[in-house]
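# Commentary on secondary and tertiary structure
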Amino acid sequence: MNRSRRRPAGRTVAAAALTAVLALVTGCSSGSAPPGRAAASRSGRAPGASAPAVGIVPRPARLTLGAGAGFDVSAATPVHAEGGPDAHAAATLVAAELKLRTQGGSGAGITFRLDPKAGTGPEGYRLSSGPSGVLITASDAAGLFYGGQTLRQLLPAGGVYGTVRPLAVDDAPRYAYRGAGLDVARHFLTVAQVEQYVDLMALYKLNHLHLHLTDDQGWRIAVSSRPQLTAVGSRTEVGGGRGGFYTAADYSAIVRYAAARYITVVPEIDLPGHSNAAIVSYPELACPGDATPAPDTGTGVGFSRVCTGEESTYRFVDDVVAAVAQLTPGPLIHLGGDEAKALAPADYQAFMKRAIAVGRAHGKQVLAWDEAAAEQPDLLQVWHPERRSTAEVLAGIAAAARHGSKLLMSPADRAYLDQKYDPSTPLGLAWAGYVGVERAYDWNPDTYLPGTPPGAVAGVEAVLWTETLATPSDLQLMALPRLPALAEVAWTPQTERGWADFRVRLAAQAPLWRAQGWTWTRAAGVPWQ
Ligand code: TNX
């Protein structure tokens, strides 16, 4: 949802409806929008034109530079938490990132103040710095944590100690769903590798991790009622490697690690296509007469299908969704629905209709890829690039949105991190065209698709498919610097951001990446130091 639209001082019917959308997407109910931020996206300033050169990404909704001395942070600087255990948890995590320690009491230092009456709105925060310290105030713990991430970026050159310049930030996100999708099916990623990706997401205030857990080349999540999925289906991956899977404990560890960073895990079980690994594990999922399934370690798409006319297929769907839903505290489950090219449209639609009902019966709101528009999932993930879409797909998406599906924008020609930056990029695919940093950055999710009803877009997700990516550094080369670009698309009001200003702030992030030991692509158009 576009929070800048909730800004009128009075609580209008429209504002209440949008608040309900937020509750739908995040599972939290929010208070009224803080009138104090009403002007944040209405500055009238040309994007970036008179922006203070402060290297924060995503750019805060409002930032004012102060005069006078800043605050010197050293190893001895105390971190204080006020407002109870949630404040303490957020402060402790940020303190560890800054190599500082939380201490009791108050006074000079870095203070995290949780105040339900702060009026900062869901996930918003205020940060002010001056000679006597840094004060971060928020009405929820996520906001405190995000204030802490801004503070990390205010410290010089990626080092932890130094001077924070005097300034005041008043910040809150544009969209409630700010996501990163990660394909752990084409190449399996260990728990530690996924957690490393979560660290990167957290630095840029992303709040949903969408795990693509199943595909033709591998099944990555244990389902105790269907043991063959892991005994057989997990043992393959693209290129012939050993594959792997998450036990329930592994998956829960990822969920907890993400939750501590205010990130909700969204598991994806991709059906009825992209299902070869499931069919190899349970051959009865194929229709009588379909070719005998064989393990797939290639990169082709669209060839597999479960038998949508058999009741046993729906018992399988129910078993899997029940298990995954039970392990997932977040409100969302993704049930795929892309590229089911081996199915007749009517069979595809009948399957998706039932799968969505199964997800809801297990207490979840259901996401699906945009081909499933007619079945109106709660959240429809748009991936077709507009110029490669058919009139039919576009009309379907618009109709679903009019009927109440919210849209999650991941158009491949803007938001797919697996697409090459340019012809020289060694990794990745290029079917959606090259996605340079400016292309990833310079678009508006609300208007990307003609005919999108106002308020229909719930958020943005950057997706990283791993057909060509196998190691953490492969992931980093594709995600950095485009993941921060998409994080800003999702966080910052459209009127407050522009490429000329962004490229400079983006270049200023590189020392922080270096300090983390991350690698990145020195992509064209960015004034890297
Ligand atoms: C399309 S996008 C796919 C994936 C591939 C990706 C590669 C989507 C819903 N399906 O199966 O990994 O392209 O870019």
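Cut-off values and rules
Residues numbered from 1 in each chain as written. Predicted model: local features only at pLDDT ≥ 70, side-chain atom pairs only at ≥ 80, totals over all residues. Heavy atoms only, no water. Near = heavy atom within 4 Å. Polar contact = N/O pair within 3.5 Å; in protein donor to acceptor, adjacent residues only side chain to side chain. Areas by Shrake-Rupley, 256 points an atom, 1.4 Å probe, with all protein chains shown as cover. Nonpolar A, V, L, I, M, F, W, Y, C, P; charged D, E, K, R; others polar. Helix = DSSP H or I, 4+ residues; strand = E, 2+ residues; numbered from the N terminus. Buried < 20%, exposed > 50% of the residue type's maximum accessible area, 1.4 Å probe, protein only. Contact = heavy atoms within 4.5 Å. Pairing = 2+ DSSP bridges. Disulfide = S-S within 2.5 Å. Phe/Tyr/Trp six-rings, centres within 6.5 Å; stacked < 30°, edge-to-face > 60°. Lys NZ or Arg CZ within 6 Å of the ring centre and 35° of its normal. Core = buried A, V, L, I, M, F, W, Y, C linked by side-chain atoms within 4.5 Å. Right-handed = clockwise from strand over helix to strand, strands pointing away. Salt bridge = Lys/Arg side-chain N within 4 Å of Asp/Glu carboxyl O. pLDDT = per-residue confidence, 0-100.

## As for the site of the ligand
What surrounds the ligand is a group of 13 residues, the closest being Arg186, Tyr416, Asp418, Trp431 and Glu467. Trp431 places a side-chain nitrogen or oxygen 2.7 Å from an oxygen atom of the ligand. Contact distances for the ligand include 2.6 Å between an oxygen atom and a side-chain N or O atom of Glu467. Within the complex, the protein chains bury 98% of what would otherwise be the 360 Å² of accessible surface of the ligand. Across the shell around the ligand, the residue classes break down as six nonpolar, two polar and five charged.

## Brief notes about the environment of Pro78
If you trace the backbone, Pro78 turns up in strand S3 (residues 78–82). Here Pro78 falls in the buried class, since its relative accessible area comes to 16%. In this structure the C-alpha to C-alpha distance between Pro78 and Gly104, which are 26 residues apart in sequence, comes to 8.8 Å. With near-sequence residues (within four places) excluded, Pro78 lies in contact with Arg101, Gln103, Ala108, Gly109 and Ile110.

## Overview of the sheet that holds S3
Taken in spatial order, the seven strands make up an open sheet running S1-S9-S6-S7-S5-S3-S4, and their pairing is mixed. Either end of the sheet is taken by a strand with one partner, and the two such strands are strand S1 (62–65) and strand S4 (101–102). Direction of pairing for S3 relative to S4: parallel, over a ladder of two bridges. Opposite Pro78, over in S4, you have Arg101 as the bridge partner.

## Section: the state of the cysteines
Scanning all chains against the criterion turns up one disulfide. Each sulfur of the disulfide joining Cys287 and Cys307 lies 2.1 Å from the other. Looking down the S-S bond of the Cys287 and Cys307 bridge, the torsion is 95°, so its handedness is right-handed. Of this pair, Cys287 sits in the loop between helix H7 (276–281) and helix H8 (311–327) while Cys307 is found in the loop between H7 and H8, placing the two residues 20 residues apart along the sequence. For the pair shown, Cys287 and Cys307 are each scored as buried.

## Regarding helix H13 (residues 472–479)
Within H13, the full set of buried residues consists of Asp474, Leu475, Gln476, Met478 and Ala479. Considering only its buried residues, H13 is in contact with strand S10 (177–183), helix H4 (191–203), strand S19 (457–464) and helix H14 (482–491).

## Considering the pairing of strand S6 (residues 125–130)
Pairing analysis gives five bridges linking S6 to strand S9 (residues 167–171), with the strands arranged antiparallel. Following the sheet pairing, Leu127 is matched in S9 by Val169. Where S6 meets strand S7 (residues 133–138), five bridges bridge the pair, whose relative direction is antiparallel. Bridge pairing in S7 places Ser128 opposite Leu135. Counted along the chain from S6 to the antiparallel partner S7, the turn is two residues long.

## So, the packing of aromatic side chains
The geometry of an aromatic ring pair is captured by the separation of the ring centres together with the interplanar angle, meaning the angle of the planes. Tallied over the full model, the rule gives 18 aromatic pairs. Seen in terms of ring centroids, Tyr282 and Phe316 are 6.3 Å apart; in terms of plane orientation they differ by 55°. Their pairing is tilted. Here the residue Tyr282 occupies a position in the loop between H7 and H8, and Phe316 occupies one in helix H8, the gap between them amounting to 34 residues. Comparing Tyr282 with Phe316 shows no difference in burial state: the two are buried. Over the ring of Trp491 we find Lys205; its NZ or CZ atom is 5.7 Å from the centre of that ring. The ring of Tyr421 has Arg482 lying over it, and the distance from NZ or CZ to the ring centre is 3.8 Å.

## Some points on the nonpolar core
In this structure, Ile110, Leu182, Tyr197, Leu209, Leu211, Trp219 and Tyr246 are the most contacted members of the largest nonpolar core, which totals 140 residues. Setting aside residues no more than four positions away along its own chain, Tyr197 makes contact with Ala180, Leu182, Leu417, Leu464, Ala479 and Leu483.

## Overview of the pairing of S3
Between the parallel elements S3 and S4, the chain passes through helix H2 (residues 85–97) in a crossover that is right-handed. Pairing analysis gives four bridges linking S3 to strand S5 (residues 109–114), with the strands arranged parallel. Bridge pairing links Val79 to Ile110 in S5.

## Section: the pattern of salt bridges
All chains considered together, the criterion is met by 18 salt bridges. For Arg354, the salt bridge is made with Glu311, and the minimal N-O distance between the two is 2.9 Å. Pair noted here: Arg354 is in helix H9 (residues 345–361) and Glu311 is in helix H8, with a separation of 43 residues, a long-range link. Classification of Glu311 as partly exposed rests on a relative accessible area of 44%. Here the salt bridges share partners, and the residues they tie into one network are Arg59, Glu488, Asp501 and Arg505.

## Things to note about the confidence of the model for the chain
Here the chain averages 90 in pLDDT, and 89% of its residues register 70 or above. Summarising per-element confidence for the chain, the mean pLDDT is lowest in helix H1 (residues 13–26) (34) and highest in strand S11 (residues 208–212) (99).

## Side note on helix H15 (residues 499–507)
Taken together, the buried positions of H15 are Trp499, Asp501, Phe502, Arg505, Leu506 and Ala507. Here the buried face of H15 lies against helix H12 (437–441), H14 and helix H16 (510–516).

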